[in-house]
Amino acid sequence: MSNWQKIFSTRAYAEAAIIKGMLEENQIPVQVLNKQDSSYPMFGDIQIFVPAHLQLAASELINKTLLN
């Protein structure tokens, strides 16, 4: 994932799924990396990555979505 940039991190799976779906609806490829502990989900994050050249567009979409 060297050409991918992390743009979002959360501990809530539902929030990660919503962001992933919103980015995919806008034709932005997404990779989700779940680093949560399987026994203790309060430890670790779910990280969302997009291609480096789409980082700015993805960040703007996320900011617009979270502000509404």
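As the structure is a computational prediction, the values presented were derived from the model and not from experiment. (Residues numbered from 1 in each chain as written. Predicted model: local features only at pLDDT ≥ 70, side-chain atom pairs only at ≥ 80, totals over all residues. Heavy atoms only, no water.)

1. Topic: the overall build of the protein
Looking only at helices and strands, the protein has two helices and three strands in total. The secondary structure elements of the protein, listed N-terminal to C-terminal, are β-α-β-β-α. C-alpha atoms of the protein, sized along the principal axes, occupy 35 × 30 × 15 Å. Here the protein holds 68 residues, and the buried ones make up 28% of them. Taking the contacts inside the protein whose residues are at least 6 apart along the sequence as the reference set, 64% of them involve residues at least 24 apart. Accessible area for the protein stands at about 4,600 Å²; split by element, carbon and sulfur atoms hold 52% of it. Across the protein, the centroid of the 5 positively charged side chains sits 4 Å from that of the 6 negatively charged ones. (Helix = DSSP H or I, 4+ residues; strand = E, 2+ residues; numbered from the N terminus. Buried < 20%, exposed > 50% of the residue type's maximum accessible area, 1.4 Å probe, protein only. Contact = heavy atoms within 4.5 Å. Areas by Shrake-Rupley, 256 points an atom, 1.4 Å probe, with all protein chains shown as cover. Lys, Arg positive; Asp, Glu negative; His and termini not counted. Charge placed at Lys NZ, Arg CZ, Asp CG, Glu CD.)

2. Topic: the nonpolar core
Grouped together as the largest cluster of nonpolar side chains are 14 residues, with contacts concentrated most on Ile7, Ile19, Leu23, Ile48 and Ile62. Listed by contribution, the elements that provide at least two residues to this core are strand 1 (4-10), helix 1 (13-25), strand 3 (46-51) and helix 2 (55-67). The element that contributes the greatest number of residues to this core is helix 1, accounting for four residues. Every residue in contact with Ile62, bar those within four places of it in the chain, is listed here: Ile7, Phe8, Ile19, Met22 and Leu23. (Core = buried A, V, L, I, M, F, W, Y, C linked by side-chain atoms within 4.5 Å.)

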